[in-house]
Amino acid sequence: MSFGLRYFDQEQMKICEHFLCFVPLTSTTSQSISQAILKTLKVLGLDVKYLRGQGYDGARAMSGEFKGTQARIIEHQPKVIYLHCMSHCLNLAISDSCQVQGIRNCFGIIEKTFSFFHTAKRQEVLTKKIDEFCPE
């Protein structure tokens, strides 16, 4: 399971998001996952009393309001709210939209463009051209 932290930086006045670690799971039950989350918070020195949000996919083990992971975390911190993970929502939307020929073609072009520029020399040329046409 990937473990990330999202917080508001008051000095920079912006929302920051950081990947913290991967957490190995021996089981995918809501009880096992919630225990792994709480243990990881403790190991990282993050107090659950400051937790205000949690985001997972929509699987029942994660989102169940009575016995899901999110419900078990709420037992430890009632102020926390659960949101469906936006990255997962985007992935689902893209998967559904790929049934449309025009969108599938667009993603094909994006993939070929990425592959073309995925070398150090081409990235350097691209960066120079971008700076040339779009100076700050």
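Described in the following lines is the structure provided in the data block. Numbering of residues starts from 1 in each chain and follows the order in which that chain's sequence is written. Restriction of local features to residues with pLDDT of at least 70 applies here, the model being predicted, together with a cutoff of 80 or more for giving and counting side-chain atom pairs; totals for whole chains, interfaces and linings are based on all residues. Hydrogens and water are ignored here; the side-chain numbers use all heavy atoms of the structure.

With respect to unusual backbone geometry
Here the phi dihedral of Met-13 falls at roughly 55°; this positive angle occurs in a residue that is not glycine. Each helix corresponds to a stretch of at least 4 residues labelled H or I by DSSP, and each strand to a stretch of at least 2 residues labelled E; elements are numbered beginning at the N terminus. By the element assignment, Met-13 lies in the loop between strand E1 (2-9) and strand E2 (14-22).

Some words on the pairing of E2
As paired elements, E1 and E2 share eight bridges and run antiparallel to each other. Paired with Phe-8 across the two strands is Ile-15, which belongs to E2. The pairing criterion is simple: DSSP has to find at least two bridges between the two strands. Following E1, the chain reverses through four residues before pairing antiparallel with E2; Met-13 in that reversal takes a positive phi of roughly 55°.

Some thoughts on the environment of Thr-26
Tracing the backbone shows Thr-26 in the loop between E2 and helix H1 (30-43). Linking Thr-26 and Ala-36, residues 10 residues apart in sequence, is a C-alpha distance of 9.5 Å.

Here's the deal with the pattern of salt bridges
The term salt bridge refers to a side-chain nitrogen of Lys or Arg lying within 4 Å of a carboxyl oxygen of Asp or Glu. All told, the structure shown has three salt bridges when counted by the stated rule. A salt bridge links Glu-17 to Arg-6; the shortest N-O distance between them is 3.6 Å. A residue pair is termed long-range when its members are at least 10 positions apart, and Glu-17 in strand E2 and Arg-6 in strand E1 qualify at 11 residues. With its nearest N and O atoms 3.5 Å apart, the salt bridge here joins Glu-132 to Lys-129. Taken as a pair, Glu-132 and Lys-129 lie in helix H6 (residues 120-133) at a separation of three residues, close to a single helical turn.

Some remarks on the nonpolar core
Core analysis: the biggest nonpolar cluster contains 11 residues, these being Phe-3, Val-23, Ile-33, Ala-36, Ile-37, Leu-41, Leu-51, Tyr-56, Met-62, Ile-73 and Val-80. The element contributing the most residues to this core is H1, with four residues. Contact definition: two residues touch when any of their heavy atoms are within 4.5 Å. Among residues more than four places away in sequence, those in contact with Ala-36 are Met-1, Val-23 and Leu-25. Residues belong to a common nonpolar core when they are buried Ala, Val, Leu, Ile, Met, Phe, Trp, Tyr or Cys residues joined through side-chain atoms within 4.5 Å. Under the scheme applied here, a residue whose accessible area is under 20% of the maximum for its type counts as buried, over 50% as exposed, and between as partly exposed, the area being computed with a 1.4 Å probe on protein chains only.

Some details on helix H3 (residues 69-76)
Every buried residue of H3 is listed here: Thr-69, Gln-70, Ala-71 and Ile-73. As for H3, its buried residues are in contact with H1, strand E3 (53-56), helix H2 (60-63) and strand E4 (81-84).

Observations concerning the side chain of Thr-40
Mapped onto the elements of the fold, Thr-40 is located in helix H1. A distance of 2.7 Å separates a polar atom in the side chain of Thr-40 from the backbone oxygen of Ala-36. Beyond its immediate chain neighbours, meaning those up to four positions away, Thr-40 contacts Phe-3, Cys-21 and Val-23. Side-chain atoms alone can form a polar contact between residues adjacent in sequence; in general such a contact is a pair of N or O atoms within 3.5 Å, and within protein one must be able to donate a hydrogen while the other accepts it.

Details of the packing of aromatic side chains
What counts as a ring pair is set by centres within 6.5 Å for rings of Phe, Tyr and Trp (its six-membered ring), and what kind of pair is set by the plane angle: stacked under 30 degrees, edge-to-face over 60, tilted for all other angles. Evaluated as defined, the whole model comprises three aromatic pairs. Seen from their ring centres, Tyr-56 and Tyr-82 are 5.9 Å apart, and the 20° between their planes marks the pair as stacked. Linking Tyr-56 in strand E3 with Tyr-82 in strand E4, this pair joins segments that are 26 residues apart in sequence. By relative accessible area, Tyr-56 is classed as buried at 11%. Here Tyr-82 falls in the partly exposed class, since its relative accessible area comes to 22%. Charge over a ring is defined by NZ of Lys or CZ of Arg lying within 6 Å of the ring centre and within 35 degrees of the ring normal. Note that Arg-122 overlies the ring of Phe-116, its terminal NZ or CZ placed 4.0 Å from the centroid.

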